[in-house]
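The residues making up each chain are set out below.
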Amino acid sequence: MELKNKVALITGAASGIGESTALWVFQRGAKLILTDLDKGVALMERINRDGGEAVFVKADVSVPQDSEKSVEKAMDEFGRQKKPPNPLRGGNKSKDAMLRVSGKKNKDEIHRVSTTQN
């Protein structure tokens, strides 16, 4: 799977599944916004040193303002989305989660959907 010219926002990127996902996405050519509670700079530096483009944002996804800050950083660093993002979660809610990332109302809805279990 080729992800060149795509931007991925990875939560929990400092370790475990988040780190593995970030590396997998990087290896396929995507630019990355890495978020975590406090660690993540080392992974960002590693990706940038290996020829990728990554930015780290200290964020707690359970805090709406932190989630908004992460999305804003992604848009500032890599540009605005021209089409809605991919579904944020699996299950039947995925289609409902395909929202354009613009305006506070949509950002609040993205946060609600992405932090609510199916």
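Above this text is the structure in question.
Since we're looking at a predicted model, the values are computed, not measured.

Asker: Explain the pattern of salt bridges here, please?
Answerer: When their charged atoms lie close together, side chains carrying opposite charge are able to pair. Throughout the structure, instances matching the rule amount to one salt bridge. Between Glu 77 and Lys 73 there is a salt bridge whose closest N-O contact spans 3.3 Å. Pair noted here: Glu 77 and Lys 73 are both in helix H3 (residues 64–78), with a separation of four residues, about one helical turn. A relative accessible area of 29% means that Lys 73 is categorised as partly exposed.

Asker: Please clarify how the sheet that holds strand S2 (residues 31–36) should be interpreted in this entry.
Answerer: The strands making up a sheet associate through backbone hydrogen bonding, with each pair oriented either parallel or antiparallel. Read from one edge of the open sheet, three strands run S1-S2-S3, paired in parallel fashion. The sheet is open, and its two edges are formed by strand S1 (7–10) and strand S3 (54–58), each paired on a single side. For this sheet the average axis-to-axis angle between neighbouring strands, irrespective of direction, equals 15°. Contacting S1 and S2, helix H1 (residues 16–27) runs over the sheet at an angle of about 170° to S1. With respect to the sheet, helix H2 (residues 41–49) is in contact with S2 and S3, its orientation differing from that of S3 by roughly 170°.

Asker: I would appreciate a short explanation of the environment of Thr 11 in the present structure.
Answerer: Here Thr 11 lies in the loop between S1 and H1. Thr 11 sits in the partly exposed class, given a relative accessible area of 41%. For the pair Thr 11 and Leu 34, spaced 23 residues apart in sequence, the C-alpha to C-alpha distance is 6.3 Å. Beyond its immediate sequence surroundings of up to four residues, Thr 11 is in contact with Gly 18, Thr 35 and Val 61.

Asker: What exactly am I supposed to notice about unusual backbone geometry here?
Answerer: Among all residues except glycine, the phi angle is most often negative; among peptide bonds, the trans geometry is most common. Of note in the backbone geometry, Asn 5 takes a positive phi value of approximately 70° without being a glycine. Along the polypeptide, Asn 5 turns up in the segment before S1. Look at Asn 5 and you get exposed, because its relative accessible area is 68%.

Asker: Could you clarify how one ought to interpret the side chain of Thr 35 in this entry?
Answerer: Along the chain, Thr 35 turns up in strand S2. Residues in contact with Thr 35, not counting those within four places in the same chain, are Leu 9, Ile 10, Thr 11, Gly 12, Ala 13, Phe 56, Val 57, Ala 59 and Ser 70.

Asker: Help me understand the nonpolar core in this model?
Answerer: When a protein is soluble and globular, its nonpolar side chains tend to lie buried together. In this structure, Ile 10, Val 25, Leu 32, Leu 34, Leu 43, Ile 47 and Ala 54 are the most contacted members of the largest nonpolar core, which totals 16 residues. Every element with two or more residues in this core is listed here: S1, H1, S2, H2 and S3. Here this core takes four residues from H1, the largest share from any one element. Once residues lying within four places of it in the same chain are set aside, the contact partners of Leu 32 are Ala 8, Ile 10, Ala 22, Val 25, Phe 26, Ile 47, Glu 53, Ala 54, Val 55 and Phe 78. Counting residues in each nonpolar core, the second largest holds six residues, with Ile 33, Ala 59, Ala 74 and Phe 78 among its members.

What counts, and at which threshold
- Residues numbered from 1 in each chain as written.
- Predicted model: local features only at pLDDT ≥ 70, side-chain atom pairs only at ≥ 80, totals over all residues.
- Heavy atoms only, no water.
- Salt bridge = Lys/Arg side-chain N within 4 Å of Asp/Glu carboxyl O.
- Helix = DSSP H or I, 4+ residues; strand = E, 2+ residues; numbered from the N terminus.
- Buried < 20%, exposed > 50% of the residue type's maximum accessible area, 1.4 Å probe, protein only.
- Pairing = 2+ DSSP bridges.
- Axes fitted to C-alpha atoms, helices over the stretch in contact; angles between N-to-C directions.
- Contact = heavy atoms within 4.5 Å.
- Core = buried A, V, L, I, M, F, W, Y, C linked by side-chain atoms within 4.5 Å.

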